[in-house]
Amino acid sequence: MTTHAPLPLASVDDGCCTPAVARAVEPDVAHDLARSFKALADPARVQLLAIVAAQPGAEACVCDLTEPVGLSQPTVSHHLKILVEAGLLEREQRGRWAYFSLVPDAVAGLAASLSSAVPTPVG
């Protein structure tokens, strides 16, 4: 049986616990980012967003989105509603069908927000 010597405790003077000088992200910005990333935390929603973005004009009818993801229309509608609430897609009713379009610059804005919220480490 091998025994290990206990690890030395860090002293207060070694700079280990120096307080942060600034917040990395404001709470309301963090909330918005978390909501958007939570919406993208489901593989079906990532697929739906990518499918809509790849269509001409970055828009698609809900009737065209069920087959590619292999889900029922009510399930696809639920996922699309979450993407709309997160500000990634817009919904427009045309007759009996709903059309979904990519919010201009939503994905780029999300990436930029994340980049500014999580700065590159210094040194």
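What you see is a predicted model; the values in this text were computed from it and never measured.

Caption draft 1: View of the sheet that holds strand β3 (residues 97-102). Taken together, the 3 strands give an open sheet; going across it, the order is β1-β3-β2, and neighbouring strands pair in antiparallel fashion. The two strands at the open ends of the sheet, each matched to only one other strand, are β1 (59-61) and β2 (89-94). Going from strand to strand, the sheet's axes swing by 25° on average, the running direction of each strand aside. The strands touched by helix α2 (residues 43-54) are β1, β2 and β3; relative to β3, the strand with the most contacts, the crossing angle is about 85°. Across the sheet, helix α4 (residues 73-85) lies against β2 and β3, angled at about 120° from β2, the strand it touches most.

Caption draft 2: Up close: the pairing of β2. Judged from the 6 bridges that link them, β2 and β3 form a sheet pairing that is antiparallel. Bridge assignment links Glu92 to a residue of β3, and that residue is Tyr99. Counting the residues between successive antiparallel strands, the hairpin from β2 to β3 contains 2 residues, one of them, Gly95, with a positive phi of roughly 65°.

Rules used in this analysis
Residues numbered from 1 in each chain as written. Predicted model: local features only at pLDDT ≥ 70, side-chain atom pairs only at ≥ 80, totals over all residues. Heavy atoms only, no water. Pairing = 2+ DSSP bridges. Helix = DSSP H or I, 4+ residues; strand = E, 2+ residues; numbered from the N terminus. Axes fitted to C-alpha atoms, helices over the stretch in contact; angles between N-to-C directions. Contact = heavy atoms within 4.5 Å.

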